[in-house]
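Understanding the architecture of this molecule
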Amino acid sequence: MRILVVGSGGREHALTRALNTSSRTDALYAAPGNPGTARHASNIGIASDDIDGLIEFAREDDIDLTVVGPEQPLVDGIVDAFQEEGLSIVGPTAAAAQLEGSKAFADQFMARHDVPTAEFKVFEADEYDAASDYLDEVGAPIVVKADGLAAGKGAYVCSTLDEAHEALDEIVQDRAFGDAGDQVVVEEKMDGEEVSIFALTDGTHYVLLTPSQDHKPIGEGGTGPNTGGMGAFSPAPIVNGDLLNRVCREIIEPTLLGMQEEGTPYQGVLYCGLMITDEGPKVVEFNCRLGDPEAQVVLPLVESDLVDVFESVADGTLETGSLRASSRAAACVVLASDGYPIEYETGFEIIGIDEAEALSEVSVLHAGTRLREDGVLVTDGGRVLGVTALGDDLPEALERAYDGTDRVHFDGNTVRTDIGEKGLKHLSEA
Ligand code: AMP
Ligand code: GLY
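Heads up: these notes are all about the structure in this document. (Residues numbered from 1 in each chain as written. Chains lettered and ligands numbered in written order. Predicted model: local features only at pLDDT ≥ 70, side-chain atom pairs only at ≥ 80, totals over all residues. Heavy atoms only, no water.)

Regarding the overall build of the chain
When its secondary structure is counted, the chain shows 14 helices and 22 strands. Taking 2.2 N^0.38 as the reference for a compact globule, 430 residues should give roughly 22 Å; the C-alpha atoms of the chain span a radius of gyration of 21 Å, in line with that estimate. The dimensions of the chain, computed from C-alpha atoms along their principal axes, are 60 × 45 × 45 Å. Put simply, the chain has 430 residues, and 57% of those count as buried. Long-range pairs, those at least 24 residues apart, make up 68% of the contacts in the chain between residues at least 6 apart in sequence. Summed over all atoms, the accessible surface of the chain reaches about 17,300 Å², with 44% contributed by carbon and sulfur. Across the chain, 28 positive and 80 negative side-chain charges occur, with their mean positions spaced 4 Å apart. (Helix = DSSP H or I, 4+ residues; strand = E, 2+ residues; numbered from the N terminus. Rg over C-alpha atoms; globule rule 2.2 N^0.38 Å. Buried < 20%, exposed > 50% of the residue type's maximum accessible area, 1.4 Å probe, protein only. Contact = heavy atoms within 4.5 Å. Areas by Shrake-Rupley, 256 points an atom, 1.4 Å probe, with all protein chains shown as cover. Lys, Arg positive; Asp, Glu negative; His and termini not counted. Charge placed at Lys NZ, Arg CZ, Asp CG, Glu CD.)

Remarks on the sheet that holds strand S17 (residues 280–287)
Ordered in space as S11-S10-S16-S17, the 4 strands form an open sheet in which the pairing is antiparallel. Every other strand in the sheet has two partners, leaving strand S11 (206–208) and S17 as the edge strands with one partner each. Averaged over neighbouring strand pairs, the angle between their axes works out to 35° when direction is ignored. Bridging between strand S10 (residues 193–201) and S11 involves 3 bridges; their strand directions are antiparallel. (Pairing = 2+ DSSP bridges. Axes fitted to C-alpha atoms, helices over the stretch in contact; angles between N-to-C directions.)

Comments concerning a negative patch on the surface
Where like charges cluster on the molecular surface, the negative patch consists of Asp49, Asp50, Asp52, Glu56, Glu60 and Asp76. Relative to the elements of secondary structure, glutamate 60 occurs in helix H2 (residues 51–60). (Patch = residues over 30% accessible without salt bridge, like charges linked within 9 Å, V, L, I, M, F, W, Y side chains within 5 Å. Salt bridge = Lys/Arg side-chain N within 4 Å of Asp/Glu carboxyl O.)

Regarding the pattern of salt bridges
Taken as a whole and judged by the stated rule, the model has 23 salt bridges. Glutamate 193 serves as the salt-bridge partner of lysine 425, at 3.7 Å between the closest nitrogen and oxygen. One end of the pair, lysine 425, is in helix H14 (residues 421–429); the other, glutamate 193, is in strand S10, with 232 residues separating them in the sequence. With relative accessibility at 40%, the residue lysine 425 sits in the partly exposed group. For glutamate 396, the salt bridge is made with arginine 400, and the minimal N-O distance between the two is 3.5 Å. Placement of both glutamate 396 and arginine 400 in helix H13 (residues 394–407) is noted, with a separation of 4 residues, approximately one turn of the helix. Several salt bridges share partner residues, and in doing so they unite Arg328, Glu361, Asp392, Glu396 and Arg400 into one network.

Re the site of ligand 1
What surrounds ligand 1 is a group of 16 residues, the closest being Glu187, Met190, Glu194, Lys216 and Glu285. Measuring from a nitrogen atom of ligand 1, one finds a backbone N or O atom of glutamate 188 at 2.9 Å. One of the backbone N or O atoms of methionine 190 is found 2.9 Å from a nitrogen atom in ligand 1. Burial of ligand 1 by the surrounding chains reaches 92%, relative to a free accessible area of 470 Å². Contributing elements (two or more residues each) for the shell around ligand 1: strand S7 (142–146), strand S8 (155–158), strand S9 (183–188) and S17. (Near = heavy atom within 4 Å. Polar contact = N/O pair within 3.5 Å; in protein donor to acceptor, adjacent residues only side chain to side chain.)

Some remarks on the environment of glutamate 187
Inspection of the secondary structure puts glutamate 187 in strand S9. With relative accessibility at 6%, the residue glutamate 187 sits in the buried group. Apart from residues lying up to four places away in sequence, glutamate 187 is in contact with Asp107, Ala118, Glu119, Phe120, Ile142, Val143 and Lys145. In terms of polar contacts, glutamate 187 uses its side chain to reach the side chain of lysine 145, at 3.0 Å.

This is the structure in structure tokens:
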């Protein structure tokens, strides 16, 4: 098989690394990739949103299967465009990717199909007064969201009414997210712990990757602004068998069935961002792709041949329950640039990756790095690296990941020291 991975972050490094272990992979490409993907794949200089360029490459280089990492090309219709050309690709069509691309669509879809989520109301941008009155009527705490893709920054969890009105003003009046703010979604604030559960589906059948947990805020203890994710671990001890059954029955199955009934069957990765509330699991968000950094911890636990799994997702021959996963644990600690997620500098030399990887079962995955002209590896983004480790259990995986983290250095290196603590807490209560 000749396989193309689209994207350039830590998730795509994890994907190329995992796909490269399959005996079925004859050639592997990453577009555009990064210095980490270059260890497992040939990077090609085509941007992940250049759909025409990617199709041309896939045709000319006889690509058998394309796997898409990030959401933007999926929402833009990369899957529709590849399928029109008869090219095999893993991911939802633009219509199905609306589950991530439009929060109003997702909430209204869940209401139509009785999928548990927050109470919500949708307003058009020209219904500012009605939205403002609704905020006053419901009161704080309350959540205000821009409808469309906003690079993870479009959701405001507001503890006061003043914050909620400011959020509404930013989205509707200041157009902080452009067209993504053409609609505003106001949601009830749910309480509980967040879990990421990924289903790989061919539209009808699905398999689950091991549940994971992300750490979105930049600061220790979950404080400060939200980031793309500062670390992850899998499995998530909070998700026991009963809970997982409820997620399948109450969330995943009605969602896949509902998408079929509405004529937009969902193929690819269905990312269920869940809140485990006192009333049970509820959907915080759907995404149409693997999470980052969650991919870094769930993919190394897959024991089935990932090429087989992706191929059957793309061609509609997946068998429910057919994925084999390790019973071990994985943890990932993200090394970010000082100032991320607001303002940060890049271009700092990175050292110590080899020492970290000399440790038992530690890998360093690249997110925002680049090779300078003189061949030196430097920082090139907010999230720079993810130190990922396997262990027999969560404490061992975390210890190894943090040992690895200690070996890697660059100016302004910022790390949360409490990754995995929420998982350890559930283990000690069990
Ligand atoms: P989203 O952009 O919808 O993924 O939201 C980003 C983050 O905001 C989520 O990961 C949650 O931490 C938080 N959030 C979003 N919606 C809600 C909600 N209705 N209740 C509580 N927290 C929420
Ligand atoms: N780690 C959160 C996300 O990928 O959206």
